[in-house]
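Each chain is listed here by its residues.
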Amino acid sequence: MPTVQKVRRLKEVPDGDNAVGQLACALRRTRAALGLTQAQAGDAIEKSTSTIQRAEAGVVAPRKCVVDGYVTKLGLDSEEAERLYREAARPPGRQRRPLTQAPSPPMVSTPDELGRALARAWEVDNRPSMQTMEDRLAAVRDADESQKRYPFLSRSAAYRISHRQQLPSSVDQLQSYLYACRVTERRFPVWIKAYHRVKEREREEATAKKTAAREERSQWRKWGSSRSATLIMLRAGLQPSEPFPRSDTAPWTAQCMSCGLIGRFRLSAVRQGHACPRCATPPS
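From a predicted model like this one, the values you see are computed outputs, not experimental measurements.

**A few points about the nonpolar core**
Counting residues in hydrophobic clusters, the biggest one holds 28 residues, and the most contacted among them are Leu 114, Leu 118, Met 133, Tyr 177, Leu 178 and Trp 191. Counting residues per element, this core draws most heavily on helix 11 (residues 188–223), which supplies 6 residues. Beyond its immediate sequence surroundings of up to four residues, Trp 191 is in contact with Pro 105, Leu 114, Ala 117, Leu 118, Ala 121, Leu 174, Leu 178 and Val 183. One finds Ala 55, Val 66, Ala 81 and Leu 84 within the second-largest nonpolar core, a separate group that totals 17 residues.

This is the structure:
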C-alpha cells in the first residue's frame, strides 16, 4: 500500500492527457532544464512561488503573463507556449471547430481542392493569427539570409489563402504560406506538384474556353449576321424583343406570336425545335 507521501507525489504529476496538464509539463521541463527550483523560477519571472506551483500543478490553466514569463525569462519555445496555452485556456465543454474536408496534397487536382487543402493546413496548425504567420517568416529570414525561398507573405494574403479566397500567386508564396503554417519542409515537394497540377488544369480550361468562343464567333460569321438568328426565331413563331446576344447558348428574350408568352429562349434549343413551351404542350 503506497505511503501518504508517495500518493501526494503521484497527485502532483500533471495529467498529460489534457491540455492543461501538457502545458504544466512543458513549464516543468523548461524550469528543470535550467536546474531551478520553483522559488528561483518565481524570482526570475517576478512571480510568487505559489503562482509557479499552481502553474506547474496542471489543475487549472495559468495566466498568460505567467506563461509569457517562462518564454522570455526561462527560454520556453514561444510557438509551443502559444499553442499549449490556447488549448489550455479553451473554455470547458467548448469543442474544437471541425477541420475543412480536403484531399491530401497528392490527390489534389482542382483549384477548389487546393484551396480546401491549404485552409486545412492552417486549421491543423490551430489557426495561427496572421501576425504570427508573418513573424515566423521574418524570424527564419533574419536567422538565415540565404532563405530566399521564403519571400514576404503579407497578412492580407495569408488571410485570403487560409480562408479560401485566393490561391498562392507563385510557388514561392506557396512555400512561404506552408512554412508559416508549420508544414514540414520535406512535405513541400508534394504540395508544389499539386500546385503545378492545378495551374496546368486552369491553363487547359482557359484554352478550351478561348477555343469554344473562337469557334462560336467563326460559326456566326459563317451564318452571316444577327439577321440570320432573328430569322430562325421568327420561323419558330418567336418575336425577339431585344438585340441578339451573339451567342448560340445565351438566353434571348422573345414573345410567342401565337399565345403571347414572353420568355427566355436559347437559339441552340430553338434550332432543335424547342420553341414556345406553352404552345408545345397539348391541351389536357
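The rest of the description comes next.
**Structural notes on helix 7 (residues 111–124)**
If you check helix 7, its first and last C-alpha atoms are 20 Å apart, about what 14 residues at 1.5 Å a residue would give, namely 20 Å. Here helix 7 lies mainly inside the structure; 10 of its 14 residues are buried. Of all the residues in helix 7, the buried ones are Glu 113, Leu 114, Gly 115, Arg 116, Ala 117, Leu 118, Ala 119, Ala 121, Trp 122 and Glu 123. Asn 126, located one to two residues past helix 7, shows a positive phi value of around 70 degrees.

**Some words on the state of the cysteines**
Going through the model one piece at a time under the given rule, you end up with 0 disulfides. Not engaged in a disulfide, the cysteine Cys 276 finds its nearest cysteine sulfur in Cys 259; these two sulfurs lie 3.6 Å apart. Residue class for Cys 276 comes out buried when judged on its relative accessible area of 5%.

**Re unusual backbone geometry**
One non-glycine residue with positive phi stands out, namely Glu 46, at about 65 degrees. Looking at the element boundaries, Glu 46 is found in the loop between helix 3 (38–45) and helix 4 (49–57). Overall, Glu 46 belongs to the exposed group, its relative accessible area being 69%. In this model, Asn 126 sits at a positive phi of 70 degrees, which is unusual for a non-glycine residue. As for its placement among the helices and strands, Asn 126 is situated in the loop between helix 7 and helix 8 (130–143).

**Points about the pairing of strand 2 (residues 251–256)**
The pairing of strand 1 (residues 238–240) with strand 2 spans 3 bridges and is classified as antiparallel. Bridging across to strand 2, Leu 238 finds its partner in Cys 256. Across 5 bridges, strand 2 lies against strand 3 (residues 262–266) in antiparallel orientation. Bridging across to strand 3, Gln 255 finds its partner in Ile 262. What sits between strand 2 and strand 3 in their antiparallel hairpin is a turn of 5 residues, with Gly 260 showing a positive phi close to 85 degrees.

**Side note on the sheet that holds strand 1**
Here 3 strands make up an open sheet; going across it, the order is 1-2-3 and the pairing antiparallel. In this open sheet, the two strands that pair with only one neighbour each are strand 1 and strand 3. The average undirected angle you get between the axes of adjacent strands in this sheet is 50 degrees.

**Structural notes on the side chain of Gln 173**
Positionally, Gln 173 belongs in helix 10 (residues 171–180). If we skip the residues at most four places from it in the chain, Gln 173 touches Pro 151, Leu 153, Ala 157, Ile 161, Gln 166, Leu 167 and Pro 168.

Calculation rules
- Residues numbered from 1 in each chain as written.
- Predicted model: local features only at pLDDT ≥ 70, side-chain atom pairs only at ≥ 80, totals over all residues.
- Heavy atoms only, no water.
- Core = buried A, V, L, I, M, F, W, Y, C linked by side-chain atoms within 4.5 Å.
- Buried < 20%, exposed > 50% of the residue type's maximum accessible area, 1.4 Å probe, protein only.
- Helix = DSSP H or I, 4+ residues; strand = E, 2+ residues; numbered from the N terminus.
- Contact = heavy atoms within 4.5 Å.
- Expected span 1.5 Å × (residues − 1).
- Disulfide = S-S within 2.5 Å.
- Pairing = 2+ DSSP bridges.
- Axes fitted to C-alpha atoms, helices over the stretch in contact; angles between N-to-C directions.

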